[in-house]
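# Commentary on secondary and tertiary structure
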Number of protein chains: 2
Amino acid sequence: MLFGALEAGGTKIVCAIGNENGEIFEQISIPTETPEITLTKIAAYFKKHPIEALGIGSFGPIDLDKTSPTYGFITTTPKLAWANCNLVEYFKKELCCPIGFDTDVNASALGEVTWGSAKGLNSSIYITVGTGIGVGVYQNGSLAHGMLHPEAGHILLAKHPEDSYKGKCPYHGTCLEGLASGPAIEDRWGQKAINLVSEMKVWQLEAYYLAQAIVNYILILSPKRIILGGGVMHQTQLFPLIRKQVKELLGGYIQTKELDDLDTYIVPAGLNDNQGIMGCLELARLSI
Amino acid sequence: MLFGALEAGGTKIVCAIGNENGEIFEQISIPTETPEITLTKIAAYFKKHPIEALGIGSFGPIDLDKTSPTYGFITTTPKLAWANCNLVEYFKKELCCPIGFDTDVNASALGEVTWGSAKGLNSSIYITVGTGIGVGVYQNGSLAHGMLHPEAGHILLAKHPEDSYKGKCPYHGTCLEGLASGPAIEDRWGQKAINLVSEMKVWQLEAYYLAQAIVNYILILSPKRIILGGGVMHQTQLFPLIRKQVKELLGGYIQTKELDDLDTYIVPAGLNDNQGIMGCLELARLSI
Ligand SMILES: Nc1ncnc2c1ncn2[C@@H]1O[C@H](COP(=O)(O)OP(=O)(O)O)[C@@H](O)[C@H]1O
Ligand SMILES: Nc1ncnc2c1ncn2[C@@H]1O[C@H](COP(=O)(O)OP(=O)(O)O)[C@@H](O)[C@H]1O
Ligand SMILES: [Zn+2]
Ligand SMILES: [Zn+2]
């Protein structure tokens, strides 16, 4: 079966054609301009292929409540041209097929659950550490949506006693995203993350905040595995640093077989940065 | 239909007989001694009544994984006499009926979902602030269990800049429970919470920590309502203080109809401290 996959990010949009096994036959990437320009290009692309359904993983905030009048919309995004854009309706009309719809990070979580590092587990979380920090939550065998999709990238943390950085989040200053996203690293240290590879203190501090957040996710969500992806996590030296601090912060409070082996509990994404687009294929499959 | 309800706490155990409508016909309370003494008394009580099933809400940690060899056990509790006690098996044998089993706080959450302040909602959380702090999570229409039941009472928080208290949690010091449980209040201020009713600064600080935790629960779990119960929440002056600080800490980041009206979003338990035992009746009903 042929499915369309659409990963909509704030700067670029990836469109792919694939199947129910996560195989991708072709893909294109286009810049995110206005909906008028960009949506027309996307629709034209998918119309060339006999897809059975389209799966969309979108930047947000988006409305995922199927009983809501604005279901399928991008809602209050700071990218003003896209605010109140009805993505699902648009593609339903243009492509006349079922549309699966979720957040970009939930799509990545679903990709990892279906084919990647969380395969076979009925509960896991996927954390992306990139331009923003987002968390996709898979629980009891499905992606979690509550009042709104979770926004766990913005949780409040204790500052490191020696960190005087004021934080980059316009809403909360020093929330996780404000302290540990790629742009926060760049702003704090005055250089792009990629140029700081050999600075141990950068990654120690990064691991300090990610570990603290992970401890809170463990205590609140109790996932069976934690997957970390996104640009910043290409710094794989972070993994042992994070595991060590998670262990210390938990203080032996929770004892489970999963936590006994943090090397298999806190792991990198397993799909070579294709978790998002592959997750969109699965969103498409689930929509029919 | 007649059901048994068993709320097992660290200091006392409540047994009740009721029905599928949450009506309680009679109940007894006995101290928590050793399993040998206490379990025998409980079994004798329930044997006098023709119950169809028993619902147990227990202190923990307990094993809720039905595929685990220790399902139904109290596992690593500091109350050593109860460690590795197989509650479910014991009552199944003694009473020859189905046994529903969950944590005490999940039972309270279920009580509130079924008959109380969260009635009709498919996602909510129940926070008890008492001797400990616990959180019951109801999501997508069922109680959340992950790797272990969530232990969200122990999340890590930012200390208030003027609070030098070292915290009371033996595992984490200044986690939420270590900073804001009843015993933490008593330890910090040198008096029982009930004797501090008129001290505004006590409740301001208490609200500061509870609000911070609630913000993180909102961002991670996105519940449609938050219910607060337990001894400390009898100080109802906390509610407006908590709502005000939650609003400030969220910083306008999340906009939903629920958050527009915090008076109906963050609310007291609705079952007069019977949420736990009534939830056990529902656990019993769900087990058959
Ligand atoms: N190899 C790398 N090492 C460290 N940081 C990186 C690396 N690659 C990208 N980043 C940082 O990650 C952020 C981009 O995240 P990415 O996940 O690639 O995209 P996005 O989050 O926008 O989808 C930037 O802030 C960038 O500095
Ligand atoms: N009315 C009250 N006001 C303030 N604190 C209270 C009140 N009642 C009980 N507490 C505090 O709550 C804690 C007991 O919590 P409770 O929920 O009653 O029991 P438990 O958590 O043990 O099941 C004690 O630390 C006590 O000081
Ligand atoms: Zn933020
Ligand atoms: Zn703790």
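As recorded by an unreviewed UniProt entry, chain A carries the name fructokinase and is attributed to Cellulosilyticum lentocellum. Per its UniProt entry, chain A bears the Catalytic activity (unreviewed entry) comment "D-fructose + ATP = D-fructose 6-phosphate + ADP + H(+)". Looking at the Cofactor (unreviewed entry) heading of the UniProt record, one finds this comment for chain A: "Mg(2+)".

Residue and element names in this part refer to chain A. Near ligand 1, the surroundings consist of G130, T131, G182, P183, A193, I194, G230, G231, V232, H234 and Q235. In the environment of ligand 1, an oxygen atom lies 2.6 Å from a nitrogen or oxygen atom belonging to the side chain of T131. Take Q235: an N or O atom from its side chain is 2.7 Å from a nitrogen atom of ligand 1. Here ligand 1 has 560 Å² of accessible area as a free molecule, and 62% of this is covered by the chains.

Okay, the site of ligand 2 next. All names here are of chain B. Contacts to ligand 2 come from G130, T131, G182, P183, A193, I194, G230, G231, V232, H234 and Q235. Within the side chain of T131, a nitrogen or oxygen atom sits 2.6 Å from an oxygen atom of ligand 2. A distance of 2.7 Å separates a nitrogen atom of ligand 2 from a polar side-chain atom of Q235. Protein chains shield 62% of the accessible area of ligand 2, which is 570 Å² for the free molecule. Looking at side-chain class alone, the shell around ligand 2 contains four nonpolar, seven polar and no charged residues.

Take chain B, turn it by 180°, move it 0.0 Å along the axis, and it overlays chain A with an RMSD of 0.0 Å. As the rotation angle and translation indicate, the two copies are arranged about a two-fold axis. Of every C-alpha in chain B, the one belonging to A158 of chain B sits nearest the axis of rotation, 1.9 Å from it. Comparing interface residues between copies, 100% of those in chain B also lie at the interface in chain A; the contact surface is shared.

The next thing to look at is the pairing of strand β7 (residues 99-103) of chain A. Residues and elements named next belong to chain A. The buried count for β7 comes to five of five residues, which makes it a mostly enclosed element. Here strand β4 (residues 53-58) pairs with β7 via five bridges, running parallel. Bridging from a neighbouring strand, S58 pairs with T103 of β7.

Residues and elements named next belong to chain B. Mapped onto the fold, C97 is located in the loop between α2 (87-95) and β7 (99-103). Sequence separation between C97 and I288 is 191 residues, and the spatial gap between their C-alpha atoms is 8.8 Å. Not counting residues within four places of it along the chain, the set of residues in contact with C97 comprises E52, A53, L54 and K92.

Residues and elements named next belong to chain A. Protein ligation of the zinc ion (ligand 3) involves H154 (ND1), C169 (SG), H172 (ND1) and C175 (SG), the donor distances falling in the range 2.1 to 2.3 Å. Classification of the site at the zinc ion (ligand 3) as tetrahedral follows from its four donor atoms and the range of 101 to 119° in their angles at the metal. All donors of the zinc ion (ligand 3) come from a single chain, and their spacing in sequence reads H-x14-C-x2-H-x2-C. Of this pair, H154 sits in the loop between β10 (142-143) and α4 (176-180) while C169 is found in the loop between β10 and α4, placing the two residues 15 residues apart along the sequence.

Glancing now at the interface of chain B and chain A. The interface is formed by 44 residues belonging to chain B together with 44 residues belonging to chain A. When chain B packs against chain A, the two sides together hide about 3,600 Å² of surface, and 62% of this comes from carbon and sulfur. Considering only the surface of chain B that becomes buried against chain A, M147, I220 and Y253 of chain B emerge as the three largest contributors, covering 23% of it. Across the chain B-chain A interface, the total number found is zero salt bridges. Between the two partners, chain B and chain A, sit 12 residue pairs in polar contact (both at pLDDT 80 or more). At the level of secondary structure, the elements contributing two or more residues to the side of chain B that touches chain A comprise β10 (142-143), α6 (200-221), α7 (238-250) and α8 (257-260) of chain B. The biggest single contributor to the side of chain B that touches chain A is α6 of chain B, with eight residues. Split by residue class, the side of chain B that touches chain A holds 24 nonpolar, 17 polar and three charged.

A word on the coordination of the zinc ion (ligand 4). Only H154 of chain B (ND1), C169 of chain B (SG), H172 of chain B (ND1) and C175 of chain B (SG) from the protein reach the zinc ion (ligand 4) as donors, at distances of 2.1 to 2.3 Å. The site at the zinc ion (ligand 4) holds four donor atoms, and with the angles between them running 101 to 118°, its shape is tetrahedral.

Now for helix α10 (residues 275-286) of chain A. All names here are of chain A. Look at α10: 16 Å from first C-alpha to last across 12 residues, which is about the 16 Å you get at 1.5 Å a residue. Among the 12 residues in α10, 10 count as buried, and that is most of the element. Those residues of α10 not exposed but buried are Q275, G276, I277, M278, G279, C280, L281, E282, L283 and A284.

Residue and element names in this part refer to chain B. Taken as a whole, this structure holds one cavity of 30 Å³ or more when the rule is applied. In this structure, the largest cavity spans a volume of roughly 40 Å³. In terms of lining residues, the largest cavity is bounded by A109, E112, V113, A118, S124, I125, Y126, G136, Y138 and I227. Contributions of two or more residues to the lining of the largest cavity are made by α3 (104-115), β8 (124-129) and β9 (133-139). The residue makeup of the lining of the largest cavity, split by class, is seven nonpolar, two polar and one charged.

Cut-offs and rules
- Residues numbered from 1 in each chain as written.
- Chains lettered and ligands numbered in written order.
- Predicted model: local features only at pLDDT ≥ 70, side-chain atom pairs only at ≥ 80, totals over all residues.
- Heavy atoms only, no water.
- UniProt positions renumbered as here; feature names shortened; annotations may be inferred.
- Near = heavy atom within 4 Å.
- Polar contact = N/O pair within 3.5 Å; in protein donor to acceptor, adjacent residues only side chain to side chain.
- Areas by Shrake-Rupley, 256 points an atom, 1.4 Å probe, with all protein chains shown as cover.
- Nonpolar A, V, L, I, M, F, W, Y, C, P; charged D, E, K, R; others polar.
- Least-squares fit on C-alpha atoms with pLDDT ≥ 70 in both.
- Contact = heavy atoms within 4.5 Å.
- Buried < 20%, exposed > 50% of the residue type's maximum accessible area, 1.4 Å probe, protein only.
- Helix = DSSP H or I, 4+ residues; strand = E, 2+ residues; numbered from the N terminus.
- Pairing = 2+ DSSP bridges.
- Donors = N, O, S within 2.8 Å, 3.2 Å for Na, K, Ca; no water.
- Tetrahedral: all angles 85-135°; square planar, octahedral: opposite > 155°, others 65-115°.
- Buried area = accessible area lost by both parts, 1.4 Å probe.
- Salt bridge = Lys/Arg side-chain N within 4 Å of Asp/Glu carboxyl O.
- Expected span 1.5 Å × (residues − 1).
- 1 Å grid on protein atoms, 1.4 Å probe; cavity = no way out; pocket = protein on both sides within 12 Å on 5 of 7 lines; lining within 4 Å.
- Points joined across faces, edges and corners; volume = space filled by probe spheres on them.

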